[in-house]
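# An overview of the molecular structure
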Amino acid sequence: MLIGATIEVNNLTKRYGDVEALRGVSFAVNEGEVFGLLGPNGAGKTSTVEILEGLRTPDSGSVSVCGLDPQTSGAEFKYAIGAALQATALPDKMRVHEALDLFGSFYPKRRGTQELLGRFGLEEKRNAFYSQLSGGQKQRLALAMALVNDPRVVFLDEPTAGLDPQVRREIYDIVEELKKEKKTILITTHYIEEAEKLCDRVAIVDHGKVIALGTPRELKQRSGAVTRITVRMAKPETNGALSSLEGVTECRVEADDYLLYSTRVPRTIVALVKHLEEKNNELVSLEISAPSLEDIFLELTGRRLRD
Amino acid sequence: MSRVWSHTWALTMSRMRLAMRNRAFLFFSLIMPLAFLFGYAELFRRFGPEAVPYLLAMVLALTVMGSFWGLSVQLVTFREQGILRRFRVTPVGASAMLGSSLISNYLLTLPTIAIEFYISRSVFHMAGLGNVLSVFILVTIGTVTFASLGLIVASVTNTMQETQIINQIIWFVFLFISGATIPFPMLPAMVQKVAVFLPATYLVSGLQRAMIDHTTLTSLGSYLASLVGCALIAFIVSAQLFRWEPESKAPRRAKLWAAAAVVPFLLLGAWETVNGDLRSHAMKNLQAIREPYSLERIEH
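Quick look at the overall build of chain B now. The helix and strand inventory of chain B stands at 15 helices and 0 strands. For 300 residues, the compact-globule estimate of 2.2 N^0.38 gives 19 Å, and chain B sits close to it at 19 Å. Seen through its principal axes, chain B has C-alpha atoms that stretch 60 × 40 × 35 Å. Classification of the 300 residues of chain B by burial places 49% in the buried group. Across chain B, the fraction of contacts at a sequence separation of at least 24, relative to all contacts at a separation of at least 6, is 85%.

Next up on the list: the pairing of strand 10 (residues 227–233) of chain A. Residue and element names in this part refer to chain A. Sheet topology note: the strand 10/strand 12 (residues 257–262) ladder contains 6 bridges and is antiparallel. Bridge pairing in strand 12 places I229 opposite L260. Both strand 10 and strand 13 (residues 283–289) contribute to a ladder of 6 bridges, which runs antiparallel. Following the sheet pairing, M233 is matched in strand 13 by L283.

With that out of the way, let us pick up the nonpolar core. Here is a general trend for soluble globular proteins: nonpolar side chains tend to be buried in one another's company. In this structure, A144 of chain A together with A61, M65, L207 and A234 of chain B are the most contacted members of the largest nonpolar core, which totals 158 residues. No other element matches the 13 residues that helix 7 (residues 132–156) of chain B contributes to this core. Setting aside chain neighbours within four positions, we find M65 of chain B in contact with F146, F174, A180, A200 and L203 of chain B. Within the second largest apolar cluster, 11 residues are counted, among which are V226, L242, L260 and I269 of chain A.

Of the residues lining the interface, 16 residues belong to chain B; the matching set on chain A comes to 22 residues. Listed by contribution, the elements that provide at least two residues to the side of chain B that touches chain A are helix 1 (2–20) and helix 5 (83–88) of chain B. Of the residues assigned to the side of chain B that touches chain A, the class counts are 6 nonpolar, 6 polar and 4 charged.

So, on to the sheet that holds strand 1 (residues 7–16) of chain A. All names here are of chain A. Spatially, 2-1-4 is the arrangement adopted by the 3 strands of the open sheet, whose pairing is antiparallel. Strands with a single pairing partner mark the edges of an open sheet, and in this sheet they are strand 2 (19–29) and strand 4 (60–65). Averaged over all adjacent pairs, the angle separating strand axes in this sheet is 20°, with direction ignored. Alignment of strand 1 against strand 4, held across 5 bridges, turns out to be antiparallel. What sits directly across from N10, in strand 4, is S62. Its contacts with the sheet put helix 1 (residues 45–52) on strand 1, strand 2 and strand 4, and the angle it makes with strand 1 is roughly 120°.

So, about the sheet that holds strand 12 of chain A. Residues and elements named next belong to chain A. Taken together, the 4 strands give an open sheet; going across it, the order is 11-12-10-13, and neighbouring strands pair in antiparallel fashion. Here the strands that pair on one side only, and so sit at the sheet edges, are strand 11 (248–254) and strand 13. When the angles between neighbouring strand axes are averaged without regard to direction, this sheet yields 20°. Looking at chain direction, strand 11 and strand 12 are connected through 6 bridges and run antiparallel. Within the sheet, the bridge partner assigned to E250 lies in strand 12 and is Y261. Against the sheet, helix 10 (residues 265–278) engages strand 10, strand 11, strand 12 and strand 13, with an angle of about 15° to strand 10.

Another aspect to go through is helix 11 (residues 221–240) of chain B. All names here are of chain B. Its 20 residues give helix 11 an end-to-end C-alpha distance of 28 Å, which sits within 8% of 28 Å, the value for a rise of 1.5 Å per residue. Taken as a whole, helix 11 has its buried residues at Y223, S226, L227, C230, A231, I233, A234, F235, V237 and S238. Elements in contact with the buried residues of helix 11: helix 6 (94–122), helix 7, helix 10 (199–213), helix 12 (252–259) and helix 13 (263–275).

Next up on the list: the packing of helix 10 of chain B against helix 14 (residues 278–287) of chain B. Residue and element names in this part refer to chain B. Between helix 10 and helix 14, the least distance of the axes is 10 Å, while the angle of their chain directions is 45°. Judged by the inter-axis angle, helix 10 sits oblique to helix 14. Note on packing geometry: the crossing formed by helix 10 with helix 14 is left-handed. Between helix 10 and helix 14, the contacting residues are S205, Q208, R209 and I212 on the first element and L278, H281, A282 and N285 on the second.

Okay, unusual backbone geometry next. Positive phi, close to 50°, is recorded for N11 of chain A, a residue that is not glycine. Tracing the chain through its elements places N11 of chain A in strand 1.

Taken as a whole, chain B shows an average pLDDT of 88; of its residues, 96% reach a score of 70 or greater. For this predicted complex, the interface confidence comes out at an ipTM of 0.86, alongside a pTM of 0.83.

Here is what the cut-offs are and how they apply
- All chains use their own residue numbering, which begins from 1 and follows the written sequence.
- Whichever chain is written first is A, and whichever ligand is written first is 1; the rest continue in order.
- Totals for whole chains, interfaces and linings use all residues, but because this is a predicted model, local features are given only for residues with pLDDT of at least 70 and pairs of side-chain atoms are given and counted only at 80 or more.
- Numbering of helices and strands starts at the N terminus; helices are DSSP runs of H or I of at least 4 residues and strands are runs of E of at least 2.
- Atoms considered for the radius of gyration are the C-alpha atoms alone. The globule rule reads 2.2 Å times the number of residues to the power 0.38.
- As a rule, residues whose C-beta atom has 12 or fewer other C-beta atoms within 10 Å are exposed, those with 20 or more are buried, and those in between are partly exposed; C-beta atoms are placed from the backbone.
- We call two residues in contact when their backbone-placed C-beta atoms lie within 7 Å.
- Note on pairing: two strands pair once DSSP finds at least 2 bridges between them.
- For this entry, the nonpolar core is defined as buried Ala, Val, Leu, Ile, Met, Phe, Trp, Tyr and Cys residues connected by C-beta atoms within 7 Å.
- Gly falls in the polar group here, along with every residue not listed as nonpolar (Ala, Val, Leu, Ile, Met, Phe, Trp, Tyr, Cys, Pro) or charged (Asp, Glu, Lys, Arg).
- Fitting a line to C-alpha atoms yields each axis, with helices limited to the stretch in contact; the angle taken between N-to-C directions then spans 0 to 180 degrees.
- Here, expected helix span is obtained from the residue count minus one, scaled by 1.5 Å.
- Orientation is classified from the angle alone, with under 35 degrees giving roughly parallel, over 145 giving roughly antiparallel, 65 to 115 giving roughly perpendicular, and any other angle giving oblique.
- The crossing is said to be left-handed when, going from far helix to near helix, the turn is anticlockwise and less than a right angle, and right-handed when the turn is clockwise.
- The quantity called pLDDT is the predictor's confidence in a given residue, expressed from 0 to 100.

Next up, the structure:
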């Protein structure tokens, strides 16, 4: 555990009825860091963030944000944080600028409505009702609201879920900017590329536990340097034959593709070509990819992220 | 303290704006009371302008009682739609949220009251204004009390549907056995015995006495004290039971707590049953309309 980390999470547990949502989650986030919680739906990401935001209480374990306990620190804690909840909802008939004015009025230190509207591309929508906004605009407003008090720590819970790629990229740009401002950001996502692109460090969460933690690069290196070879062939192959090729640690079939995980790529390829010749089969395509966070997740859990 | 007040005020302004953009709210808080005013005026037309203070008192009571629906329903919608939890990550507390319900409702009720007075004077030629201070204080305290009762219902119910059903039931009781629609002396004796335990009955009676007899605040002391007591208990209990999260359920004991809000009126009702004068006041006020007036006429 890092001393003096901006966000500290120690051994959190939380259960909802029979469901154990968190089973001992621990991590720490440093000042100015963008930290990602990556995992499938139901992994415990939102529970963790909501405990940090003070919306939920853990069954056991402890958290601190800027040295404060979210449950007991009151206004001082609220001034320090900004949050875009997984589903930020506002009254349908509230206008965009009214929302920023209202939420801004709750804080002694605040950013101007005009500045936020400009920065989040909402100037044209300043008088629009919340119900008239598109999904992307609502999300931009949610982010603007999270920054209305110029917080030290920003929580973004699935900020791009359900948005189209174009809008998602806009949100990425906003996060990149926040990063330049040295905000400490905790972001949850089930999009690999988001975690890889935005985060300084990532904790991979599954079934209420952190199963891996590090920079995206570290995580990839740690995955035992297993490289993925995606092969497509003219005729189907038997799984067993491919997994016994030299260097292959694992073989999976996905639709028409065979995914070979290899520790010795050149030898595996030579062996593969030989094998196909023997079987009178042909190679349609072959792709070698360095391990991604997706592979690491697969390797750690045996499941794909978006299953 | 000043922080809580500034949050309450900001929320009040915002919620008033939202309420004014809501057609249903406008209908129930402005159109419907005025429709009652014109309806009653039509019914009582043959009694001339002298009957106007009596019927205006009923309409004022209806308007004030409408606070029961007021913004508590808005609060349940906020909770259900997950709007409240966004406020929860800000420094806003439950008391600012609840307080803004009461204040915005009060500020939105006042113009309706003023319009009702204005129409009574200019269209129906009402002579006096009654005891203005008593009317004003009754309207003020009554509005806060009924809005607080609405908050209690909001705090013990889990869904909008549940809130609506319970509100309807209580509302109909208030509406029909308090004297706000059917004059108290015309209610069956059994019903009168129950009615003396309802806050609505005292609101109606108080307003009639203030409008017709020019009754002073001192003479309405027990009514006002019970309304204030009820409002205080209801507000404190609903702050205790306040829930931000859509999925959090009201605990069972909540319903018991909520029941505490009726205690002042149990006491007042018991006192009234033994040595009260509410009934005789109600008779006297009704006779102010001079001519004998029967239930059949209301129905026809």
